[in-house]
Every structure is written in C-alpha cells, then in structure tokens.
Amino acid sequence: MAENQSDVNGSPKTYDEHVPEIKFTKLFINGEFVDSVKGRTFETIDPRNGEVTARVAEGDKEDVDLAVKAARQAFDHGPWPRMPGYQRGRIMSKFADLIEENIDELAALDTIDAGKLFSMGKAVDIPHAATCLRYYAGAADKIHGEVLKMSRELHGYTLLEPVGVVGHIIPWNFPTTMFFMKVAPAMAAGCTMVVKPAEQTPLSALFYAHLAKKAGVPDGVINVVTGFGSTAGAAITSHMDVDMVCFTGSTEVGRIVMQTAATSNLKQVSLELGGKSPVMIFDDADLDTATDLALMGIVHNKGEVCVAGSRVYVQEGIYEEFEKKLFTKAKAWPVGDPFDPKVQQGPQVDKKQFEKILSYIEHGKREGAILLTGGERLGTKGYYIQPTIFTNVKEDNVIVKDEIFGPVMSLMKFKTVEEAIKRANGTRYGLAAGIVTKNIDVANTVSRSIRAGVIWINCYFAFDNDCPYGGYKTSGFGRDFGLEALHKYLNVKSVVTPLYNSPWL
Ligand code: NAD
C-alpha cells in the first residue's frame, strides 16, 4: 500500500517473487548441518500473512551439549584462538565479502521471518553486518596488554586472552544486527561460540553459519542451535562448559539468565535488556525535524526496538503545534507489506507480540489516555498495527511505564529543563534518550543528567560500529559495539617476574 493505510491488505500483490528458497533449516554444529538429536522441528511463520514459511530443527539440551563440546574442542585445541589475529581478521573479512554477495537473499529472509522492511535490510541491516565484521577484523591483530608500572623491583605486564566458549542468546527484532554485534567481536577476540537465534527468526542465522564455513572459519568456532528459550536457551545458560553468556532480550529473561549463570559455573554475563526511552523536545527545536525524529523513534522497525523513543516530552511553548504536525505525519505513515518499496512499516513479528501490543492499547484507553491517532490493527491478515499516539497520559500509567515494543507513543508536555530531566529519569530502564534543541547548554546539561547508556542529540538511532551501546539500571550491563565489546570477550591475565637479583618478598 502506502498512501492509504487502510489498503494494507487490499492490494492483490503478494510480492512472492521476493520470497527466497529456504536452504538451511538444520542445526549447525561442528561445521555441519544436522538434525536435532530428537528429530524435532518447529514452524517459522511469515508475519505478513501468518502462514508457515518453513520447519526448522528444534534444538534442545542434548543438541546444546554437542554444540558446546564442538566449541570447547575448537577453543582448547583448535587453530582459531591460536592463529595470529591478522589471520582471523582475513577470514572475517572474507566472511564480510560473502555477506555482501548475498544481500538480497539475506534481507528477504529477515523480512519473511521478522517482518522487517526489505529495503531497510538491503540498505542497512545486511551491509552493516559486513562492516561490523570488518571493523572487528581490523581490531583482531591489535589486541595487546600493558606493561605495568610496578611499585617494586618487579617486571609486570598483562595479557589479554579470549574468555573461551561464549553462548550468544539473541532476540528477534534485528536478527542480523544482533547476530553480528555479538559474534563479530567474539570472533576477533579468538572465542568460540554457540549462538541461539530467537525462535521467531532462525533463518538468517543458519545462512550466516553456512557463509562462515565458506569463508574458512574453522569447524566448531561458530555453532548455531535453533530452538526455544526455555529449552535450548536455558541449556546454554546453565552449561558448565560455557565460559560466558551474552544475552539480548527482555529484562525478565535477563534475570533468569543471571540467576542461572550464578548457580551453575559462575560464567560471565552480559545483558542487553529492555527500555522505555524518553525523547525530550525543547521550545527552540525545529518543528519539522523534531516531529520527524519523534515519529521515526517510535515507528522504525514497527516499534520493535529496545531503544524506541516511546515517551515523548515536548516543551509547552511548541506543544500544540508539535501535536498537530505529528498527527498529520503519523496519519500518512505508510504501513503495509515490507517488500513494498513505498512502505515504511511492516507487520509485528508474530501473533503473540501483535496481541500484546493491542492489549496495551486497550489498557491505555481504560486508563483514560486519549488516542490522538491509531490504536487499531490494519487489514485482516498478518500482524499490522497503525502508528499509535496517546495523549493525556500520566507518568504512572502502565503504557508509560512498561516497554510495549510496538508502534505506541505516549506524548506528554513539560515546562522546564529540570522537569524534563526528572520525568525522563523516572523509569526503571536506562537504555537510550533523545534530546532535540539548538541550545548547547541545555543539550549538555540534559545529556549528563540522564541515566542511560546512549544519548542522541538532534538525531535518533545513530548507531555505529565504533559507538558502544548498552544499558543502565534494569536495561542491563555490558556493552555491544565499539572496542568495549571486543574487551568484553577478553580476560586480563597479569604476569609478574622479579628483576635480576632483586628481592621479591
Ligand atoms: P525474550 O527475552 O523472550 O527472548 C530473547 C531470547 O532469549 C530469545 O532467543 C529466547 O529464545 C531466549 N530465551 C527465552 N527464555 C529463555 C530462558 N529461560 N533462558 C535462556 N534464553 C531464553 O525477548 P524477546 O521477546 O525475544 O525480545 C523482546 C525483548 O528484548 C524486549 O524486551 C526488548 O527490549 C529486548 N531487546 C533488547 C535489546 C537491547 O539491545 N537491549 C535489543 C533487542 C531486544
């Protein structure tokens, strides 16, 4: 569709020509595609129409055991952690080249699994996977410790060593980006790994396993176990031979992951969790820029973004005009088949998420919030929801407090800078925040006062390979991207020796 949202499923066009052949549906363990030990499979669903796309191997504890065994062997005895960083980097660069040769097919897999915009996958997600690999490939031969300034007659230095076998548990909203933001730095560090993609979006991860092998990544370095969280995911988290678990997902499951890590082998944990990010728009903001940014902040990836700007605070001097402009733009926002190049918002990932968002919308109405626009599903097939904006909301409303993970914004008015800071910080989360102002004093003061891992001033979703990203408060800890992410996968070992003839006691 595009011009008229109500047309979303009225068009006879199915875009079937874009739907790729599904080539990989088995687990990838020790360099081979294999059935699960129990022979079970599960369905993956196309959110555009609710139809089954493919059946994929359902990994469970025994499959995780095999994958961890392969990763352990590759770490303890294989070439990957021992080869010069430069050589690891060359293989990673080859992996990146192969991704670029398959952009269309990979983007289409994420579209039929996650409902992601095909155009966005082709222009952003998939090319970014390649640049992410190259960023860390370039760092793989620059991993060094320090010579220490010891206080006595001792020579001391540190070595940085890969942490070992890493379990990566990833969510469905950015199947490709999440895969590489975890896998690429871990590869550069010399780790081996077991990746569990989300059950909603297993297809591109399996394709990436195939490309890794083709690029020359040794067997056992990257294993992919598709399956469910409570079985395959839990088996990774509790495994005694996994040295670290890197998890992205909900705060509730993050707590379970941390508890399980603590009660098994005390493995290291990195948690990237939920968010309820504020966007603060001040009186001096350009209205067109500010409304574009606020709208994009909530409808990008249909709001299924952990850093979605779901709480928008607008200063009272421009509030009325801002609301009018935002209404017009949200009404015209093109929702429809994610293969349609004119569309800007596809379907929610699955029925469960779709129903969860609609139930939050109902809750908002019951709490007395007023729908400025949206609030309904679109069409009768697939999981499409209108861009939805609530006004007349209060800070203690459930729709203002909870992460909805859909295209639902709470629009609020504030008077002073101090009030904006206080209300923006009034959340249990701390992932991101947006500031729109031309006043550098306000921008600097607010950015220092907000407890969140990333602050975007006059922009939003400004991710970069070199820009660390992660949470404060219940949004988790540990950083993805940047050299911080590489260091997350490295242990520091100190080595000390007395200088010649010096007393060391
Ligand atoms: P989820 O927590 O249900 O699932 C995430 C992953 O964890 C999936 O692979 C799932 O199979 C697995 N899992 C589920 N239960 C598990 C268990 N008991 N043990 C081990 N693994 C388990 O979250 P979701 O519904 O897939 O994703 C939505 C949530 O993720 C949102 O809350 C969102 O904010 C968050 N998220 C955060 C970020 C970030 O970078 N901070 C990015 C994307 C999504």
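Structure: above.
Described in the following lines is the structure provided in the data block. (Residues numbered from 1 in each chain as written. Predicted model: local features only at pLDDT ≥ 70, side-chain atom pairs only at ≥ 80, totals over all residues. Heavy atoms only, no water.)

### Comments concerning helix 10 (residues 316–331)
Because each turn of an α-helix spans 3.6 residues, side chains separated by three or four positions end up pointing in the same direction. The first and last C-alpha atoms of helix 10 sit 23 Å apart over 16 residues, in line with the 22 Å expected at 1.5 Å per residue. The largest bend along helix 10 reaches roughly 30 degrees and is located at Phe-322. Those residues of helix 10 lying buried are Ile-318, Tyr-319, Phe-322, Leu-326 and Ala-330. Looking at the packing, one finds that the buried side of helix 10 touches strand 12 (278–281), helix 9 (287–299), strand 13 (311–315), strand 14 (370–373), strand 17 (388–391) and strand 18 (408–414). (Helix = DSSP H or I, 4+ residues; strand = E, 2+ residues; numbered from the N terminus. Expected span 1.5 Å × (residues − 1). Bend = angle between axes of the 7 residues up to and from the residue. Buried < 20%, exposed > 50% of the residue type's maximum accessible area, 1.4 Å probe, protein only. Contact = heavy atoms within 4.5 Å.)

### Thoughts on the site of the ligand
Neighbouring the ligand are 27 residues, the closest being Ile-170, Glu-199, Ser-250, Leu-273 and Glu-403. Here a nitrogen atom of the ligand and a backbone polar atom of Leu-273 are 2.6 Å apart. When isolated, the ligand has an accessible area of 840 Å², and the protein chains bury 89% of it. Listing elements by their share of the shell around the ligand, those giving two or more residues are helix 7 (229–238) and strand 10 (244–248). With four residues, the single largest contributor to the shell around the ligand is helix 7. Class assignment of the residues belonging to the shell around the ligand gives a composition of 15 nonpolar, eight polar and four charged. Counting only domains with at least three residues in the shell around the ligand, you end up with domain 1 (27–273 + 476–491) and domain 2 (278–457). (Near = heavy atom within 4 Å. Polar contact = N/O pair within 3.5 Å; in protein donor to acceptor, adjacent residues only side chain to side chain. Areas by Shrake-Rupley, 256 points an atom, 1.4 Å probe, with all protein chains shown as cover. Nonpolar A, V, L, I, M, F, W, Y, C, P; charged D, E, K, R; others polar. Domains from an automatic or database assignment.)

### Concerning the nonpolar core
Judged by nonpolar contacts, the single largest core of 110 residues is most densely connected at Phe-95, Ile-99, Met-187, Ile-222, Ile-281, Phe-322 and Leu-411. Sorting elements by how many residues they give to this core places helix 5 (residues 175–189) first, with ten residues. Three or more residues apiece are contributed to this core by two domains, here domain 1 (27–273 + 476–491) and domain 2 (278–457). Listed in part, the 27 residues of the second largest apolar core include Phe-390, Val-408, Met-412 and Ile-421. (Core = buried A, V, L, I, M, F, W, Y, C linked by side-chain atoms within 4.5 Å.)

### Focus on the packing of aromatic side chains
Taken as a whole and judged by the stated rule, the model has 18 aromatic pairs. Here Phe-354 and Tyr-383 contribute two aromatic rings whose centre-to-centre distance is 5.5 Å and whose plane-to-plane angle is 45 degrees, an arrangement assigned as tilted. Pair noted here: Phe-354 is in helix 11 (residues 351–366) and Tyr-383 is in the loop between strand 15 (377–378) and strand 16 (384–385), with a separation of 29 residues, a long-range link. The two residues Phe-354 and Tyr-383 agree in class, both being buried. (Phe/Tyr/Trp six-rings, centres within 6.5 Å; stacked < 30°, edge-to-face > 60°.)

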